[in-house]
Amino acid sequence: APVPILRVKEEEKKAGGAGNVMLNLKALEADVIAVGRVGDDASGEFLVKELGKQGINTSFIIREKTFQTPLKNRIIASNQQLMRVDFEEVKEMSSESRDRLLSMVEEQIDHVDLIAISDYGKGLLTESFLQGVIALANKKEKMVVVDPKGRDFSKYRGADIIKPNTKEALLASGLESTSSLESIAKELLEKVQCKYLLVTRSQDGMTYFNQKLEREDIPVTAKEVNDVTGAGDTVLAMLSYTLANQFPIDKAVSLANVAAGIAIEHFGCVSIRIPELAQRMLDFDYLCKRETTDF
């Protein structure tokens, strides 16, 4: 048939989505407990084994026989993504699974410093489940950081930090596309009642607001942009890691920005390690000193 023919020379499997967040956290030498679900299928089995190989606690990942583990196939030629073929379904978990997962969170919450929620809109993170997790966290005074999805951010109310990208923030605010970032932030902060709103803005870096709508802009730090796949996961991981280690919000956001800058220089999902982060910060420090001296 007169159709494009692709000859496969190499195949690579990687954990994406929330799995990529976990791998980034593990690369930073964090202790990670995974809570979630997979399907009773080959992809689910691979994912659990892959996370387990990296030292992530997978005891609290449940398998649902009626759920299909999301699988995304990226077709790449000469470091250029040509197409993505997805095998997935959006399906809410059963009330039985929800109660089981909530019990798991309650069981482990005393042993963690922070809860990172990575929402990819696959049906697991319903409002009732999210509010259950956030209520448990607030009761135990554990910080909650959310990478949101969808139009309704009210399901995350009570979380400490929400980090949408520009498009997600605009969609959830319900405002016109011409609205200012301040107007969007005001709407979302009132709706979610979070302490901070962090908006990732692609080539414009990041901007975060506190409850008083005080704004801080962080410029992008990448040397070269090759692929933004997984950059949001890197931001969530670094933000969670630094806040769990009691870094102030401005330092946490700055480090997350640096980590994301490194991530988008690579192709596909990558895990940023502390030596890479330290080297990049030394590079920036050197450049800043040179510019000051030259001036």
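Residues numbered from 1 in each chain as written. Predicted model: local features only at pLDDT ≥ 70, side-chain atom pairs only at ≥ 80, totals over all residues. Heavy atoms only, no water.

Chemist: Please clarify how the overall build of the protein should be interpreted in this entry.
Modeler: Counting secondary structure elements, the protein contains 9 helices and 10 strands. Against the 2.2 N^0.38 benchmark of 19 Å for 295 residues, the protein shows a C-alpha radius of gyration of 20 Å, consistent with a compact globule. If one aligns the C-alpha atoms of the protein with their principal axes, the spans along those axes are about 65 × 55 × 40 Å. The buried share of the protein, taken over its 295 residues, is 43%. Sequence-distant contacts in the protein: of pairs separated by 6 or more residues, those separated by 24 or more amount to 62%. When the accessible area of the protein is evaluated, it comes to approximately 16,700 Å², of which 49% is carbon and sulfur surface. (Helix = DSSP H or I, 4+ residues; strand = E, 2+ residues; numbered from the N terminus. Rg over C-alpha atoms; globule rule 2.2 N^0.38 Å. Buried < 20%, exposed > 50% of the residue type's maximum accessible area, 1.4 Å probe, protein only. Contact = heavy atoms within 4.5 Å. Areas by Shrake-Rupley, 256 points an atom, 1.4 Å probe, with all protein chains shown as cover.)

Chemist: I would appreciate a short explanation of unusual backbone geometry in the present structure.
Modeler: Glycine aside, residues mostly have negative phi, and peptide bonds are mostly found in the trans state. Positioned with a positive phi, Glu29 is a non-glycine residue whose angle comes to about 70 degrees. By secondary structure assignment, the location of Glu29 is in the loop between α1 (18-27) and β1 (33-39). A relative accessible area of 67% means that Glu29 is categorised as exposed. Its identity as a non-glycine residue notwithstanding, Leu213 has a phi of 65 degrees, on the positive side.

Chemist: Explain a nonpolar patch on the surface here, please?
Modeler: A surface patch of nonpolar side chains, amounting to about 530 Å² of accessible area, comprises Leu6, Leu71, Leu82, Met83, Val85 and Phe87. Sorting elements by how many residues they give to the nonpolar patch places strand β4 (residues 80-87) first, with 4 residues. Leu6 sits in the exposed class, given a relative accessible area of 51%. (Patch = residues over 30% accessible without salt bridge, like charges linked within 9 Å, V, L, I, M, F, W, Y side chains within 5 Å. Salt bridge = Lys/Arg side-chain N within 4 Å of Asp/Glu carboxyl O.)

Chemist: Help me understand the nonpolar core, please; the structure alone is not making it clear to me.
Modeler: Across soluble globular proteins, nonpolar side chains show a tendency to be buried alongside one another. Residues Leu239, Leu243 and Val253 are the most contacted members of the largest nonpolar core, which totals 40 residues. Elements that contribute at least two residues to this core include exactly α1, β1, α2 (42-53), β9 (206-210), α7 (231-244) and α8 (249-263). Residues within four places of Val253 in sequence aside, it is in contact with Leu198, Met206, Tyr208, Ile218 and Leu239. Membership of the second largest hydrophobic core comes to 37 residues, among which are Met104, Phe129, Val133 and Tyr156. (Core = buried A, V, L, I, M, F, W, Y, C linked by side-chain atoms within 4.5 Å.)

Chemist: What is the right way to read the packing of α7 against α8 from this model?
Modeler: Helix packing for two helices is described by the angle between their axes and how far apart those axes are. One way to put it is that α7 packs onto α8 with a least axis distance of 8 Å and a crossing angle of 145 degrees. The crossing of α7 and α8 is right-handed. Counted together, Ala231, Thr234, Val235, Met238, Leu239, Thr242 and Leu243 of α7 and Ile249, Ala252, Val253, Leu255, Ala256, Ala259, Ala260 and Ala263 of α8 form the full contact between these two elements. Counted by class, the contact of α7 with α8 contains 13 nonpolar, 2 polar and no charged residues. (Axes fitted to C-alpha atoms, helices over the stretch in contact; angles between N-to-C directions. Left-handed = near helix turned anticlockwise from the far one by under 90°. Nonpolar A, V, L, I, M, F, W, Y, C, P; charged D, E, K, R; others polar.)

Chemist: So what exactly am I meant to see when it comes to the sheet that holds strand β5 (residues 114-118) here?
Modeler: Remark on secondary structure: sheet strands pair via backbone hydrogen bonds, oriented parallel or antiparallel. An order of β5-β6-β7-β8-β9-β10 is seen for the 6 strands of this open sheet, with the pairing classed as mixed. One side of each edge strand has no neighbouring strand; the edge strands of this open sheet are β5 and β10 (215-218). As paired strands, strand β7 (residues 161-162) and strand β8 (residues 196-200) are joined by 2 bridges and run parallel to one another. Bridging from a neighbouring strand, Ile162 pairs with Leu197 of β8. Its contacts with the sheet put helix α4 (residues 127-139) on β5 and β6 (143-147), and the angle it makes with β5 is roughly 165 degrees. Each of β7, β8, β9 and β10 touches helix α6 (residues 181-192); the most contacted strand, β9, lies at about 50 degrees to it. (Pairing = 2+ DSSP bridges.)

Chemist: Please explain the packing of aromatic side chains as it appears in this structure.
Modeler: Centre-to-centre distance and the angle between the planes together describe a pair of aromatic rings. With the rule as written, the count across this model stands at 2 aromatic pairs. Ring centres of Phe153 and Tyr156 lie 5.7 Å apart, and the angle between their planes is 70 degrees; on these two criteria the pair is classed as edge-to-face. With centroids separated by 6.4 Å and ring planes inclined at 70 degrees, the aromatic side chains of Tyr196 and Tyr208 adopt a geometry described as edge-to-face. Of this pair, Tyr196 sits in strand β8 while Tyr208 sits in strand β9, placing them 12 residues apart in sequence. The cationic tip of Lys13 hangs over the ring face of Phe46; the distance from NZ or CZ to the ring centre is 5.4 Å. Stacked on the ring of Phe67, the Lys or Arg Arg37 has its end atom at 3.7 Å from the ring centre. (Phe/Tyr/Trp six-rings, centres within 6.5 Å; stacked < 30°, edge-to-face > 60°. Lys NZ or Arg CZ within 6 Å of the ring centre and 35° of its normal.)

Chemist: What should I look at first to understand the environment of Asp113 in this one?
Modeler: Looking at the element boundaries, Asp113 is found in the loop between α3 (95-108) and β5. Taking the C-alpha atoms as reference points, Asp113 and Lys163, 50 residues apart in sequence, are found 19 Å from one another. Once you skip the residues sitting within four places of it in the chain, Asp113 turns out to touch Lys142, Met143 and Ala244.

Any link to function would need more than the numbers given here.
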